[in-house]
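# What the coordinates show
Chain by chain, the residues run as shown.
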Amino acid sequence: MATAPRSLDTISLCSTVSSCPDRNGFYGGFQRTDKPKEPLSKAQIIAREKKWLNMIENWSIYMSKNYKKIRDRCRKGIPKSVRPKAWFYLSGAYLLKNRNPNVYKELLEKPGNPATIEEIKKDKHRQFPFHEMFLDEQKIGQIELFNVLKAYSIYNPKVGFCQAQAPIAAFLLMHLPAEDAFWVFVSVCDVYLQDYFIPGLEVLQNDAGILEGLLKKTCPPVYRHLQKHKVEPLLYMTEWFLCGMTRTLPWDTLLRVWDCFLAEGIRVIFKVALVIIGASLSRHKVRKTCTGLCETLAVMRSPPEQILEEEFIINNMMRLNLRVEDFQIEHTRQKARRAKQKAQQDGNDSGPSNGRRNMPTL
C-alpha cells in the first residue's frame, strides 16, 4: 500500500469553528470563507449555462472537432449548476459508467481485502472534518466515502488504497452522486494520476524532476535558491500532486483549478505548483530571509493568502511561458536520467562481490 511521506490527517488546532456553515458547507478549517462570491449578472449565468448544456448535448462533436472551445470555457470557470455534469463528461467517467453497468453496485457487495478495509475505516473521518457532509460517521459523506474507496480498492487491486486518495474521493463526493463520483475517481486515479499511488512512488519522483526542470525555465532565481539550499521537490510538492491540490488551495480556487485539471490533465497541477513556488519566493528580500532548507520550506508551505486567490492562480497559470513541448522535453530528459541511474545501479549490483561497489560513472 502506497502512502504519502507526510501525514494527511493533520487538522489545524487553530481553526475557528462556526455554528453555521459557509456557502460551501464548511463550519471551519482553512477552506472556510466568509467572503461572498462576486456575482455574475443573471444574464451572464444563464448564457454560460446554455453554452455548457449545448456542449454536453453535443459532447463527442466538441471533443473531436472543437476541444479548444471546451478548454477555454473550463479556464473561464464552469457554472456551479453545470459543474457536476461537466466533470462527469470531462473526465470520461460517463463512458466508464456506460461500459460498466451495475459494476459499482457489484463491487459494494464484495467483502474486499480485510487489511485494506481497516485502513479505509481508520482514514475516512480525517477528510474535510469541518465540512457538513463529513462531520461524523452517521453523515452520508463518510458512508459514501468508505463505499467509494472500498469499491476502488477491489476494482484496482494493484493500487488498493493509498491515504492520499481519500481527500480526492471526498472532494468529488461533494459534487457528484456516489456512483458518478466513483467513476470520476477511477478516471482521476487511473488516467490523470496514473501510477501515482503504487508502492515506490516512482512516477511522482519522475515528476519531481520535471517540476524542477520547468522551474529552472520559468523562474531561474528561485530555482537557484532551491538548489543552493538543497530543497528537493519531493519535500514540498508531494501532497500537492498526490492529493490534486485538494488539501492546499482555498475552495473557490480549487474548483477553478479542477475545472482546468479535468480538461487539460496533470500539466495544470504542474502550473499551479510553479505559480505557488515562484510567487512565494520571487522577491529577493524573501529569499534573503530564507537562509536554509527549513526557512525556505516554511515559506512555500504557508504562502501569503493573496497568492492562493482564485484569480491570481488562474491568471498566472495562463501567463506561464510553457508549451506542451516543454513538458514533453522535460519528461524525455527525466526518463533518460532515471534510465541512466537504473543502469548504473544494476551495474553496481552485478559488480565484484568483494565487499566494494563500483564507483558510478561521471
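Residues numbered from 1 in each chain as written. Predicted model: local features only at pLDDT ≥ 70, side-chain atom pairs only at ≥ 80, totals over all residues. Heavy atoms only, no water.

Under an unreviewed UniProt entry, the name given to the protein is Blast:TBC1 domain family member 10A, and the organism recorded is Drosophila guanche.

### Some remarks on the environment of Pro101
Inspection of the secondary structure assignment puts Pro101 in the loop between helix 5 (93-99) and helix 6 (103-109). Taking C-alpha positions, Pro101 is 31 Å from His131, a pair spaced 30 residues apart along the chain. (Helix = DSSP H or I, 4+ residues; strand = E, 2+ residues; numbered from the N terminus.)

### Some details on the pattern of salt bridges
What the rule picks out here adds up to 16 salt bridges. Across the pair Asp252 and Arg23 runs a salt bridge whose closest N-O atoms are separated by 2.7 Å. Here Asp252 is found in helix 14 (residues 251-264), whereas its partner Arg23 is found in the segment before helix 1 (42-57), with 229 residues between them in sequence. Exposure remark for Arg23: the relative accessible area of 34% places this residue in the partly exposed category. (Salt bridge = Lys/Arg side-chain N within 4 Å of Asp/Glu carboxyl O. Buried < 20%, exposed > 50% of the residue type's maximum accessible area, 1.4 Å probe, protein only.)

### A few points about the packing of aromatic side chains
The geometry of an aromatic ring pair comes down to the distance between the two centres and the angle between the two planes. The tally for this structure, following the rule as stated, stands at 20 aromatic pairs. Seen in terms of ring centroids, Trp87 and Phe171 are 5.5 Å apart; in terms of plane orientation they differ by 45°. Their pairing is tilted. Here the residue Trp87 occupies a position in helix 4 (residues 83-90), and Phe171 occupies one in helix 9 (residues 165-173), the gap between them amounting to 84 residues. No difference in accessibility class separates Trp87 from Phe171, as the two residues are buried. Each member of the aromatic cluster is reached from another via a ring pair, and the members are Phe26, Trp87, Phe128, Phe171, Tyr192, Trp251, Trp258 and Phe261. (Phe/Tyr/Trp six-rings, centres within 6.5 Å; stacked < 30°, edge-to-face > 60°.)

### Details of helix 13 (residues 234-242)
Counting buried residues in helix 13 gives 7 out of 9 residues, a clear majority hidden from the surface. Along helix 13, the residues that are buried comprise Tyr236, Met237, Thr238, Glu239, Trp240, Phe241 and Leu242. The secondary structure elements touched by the buried residues of helix 13 are helix 9, helix 11 (202-218), helix 12 (220-228), helix 15 (267-281) and helix 17 (293-301). (Contact = heavy atoms within 4.5 Å.)

### Thoughts on the nonpolar core
By size, the foremost hydrophobic cluster in this structure holds 111 residues, and its most contacted members are Leu172, Phe197, Tyr236, Phe241 and Trp258. Shared between two domains, this core takes at least three residues from each, and those domains are domain 1 (79-192) and domain 2 (202-342). (Core = buried A, V, L, I, M, F, W, Y, C linked by side-chain atoms within 4.5 Å. Domains from an automatic or database assignment.)

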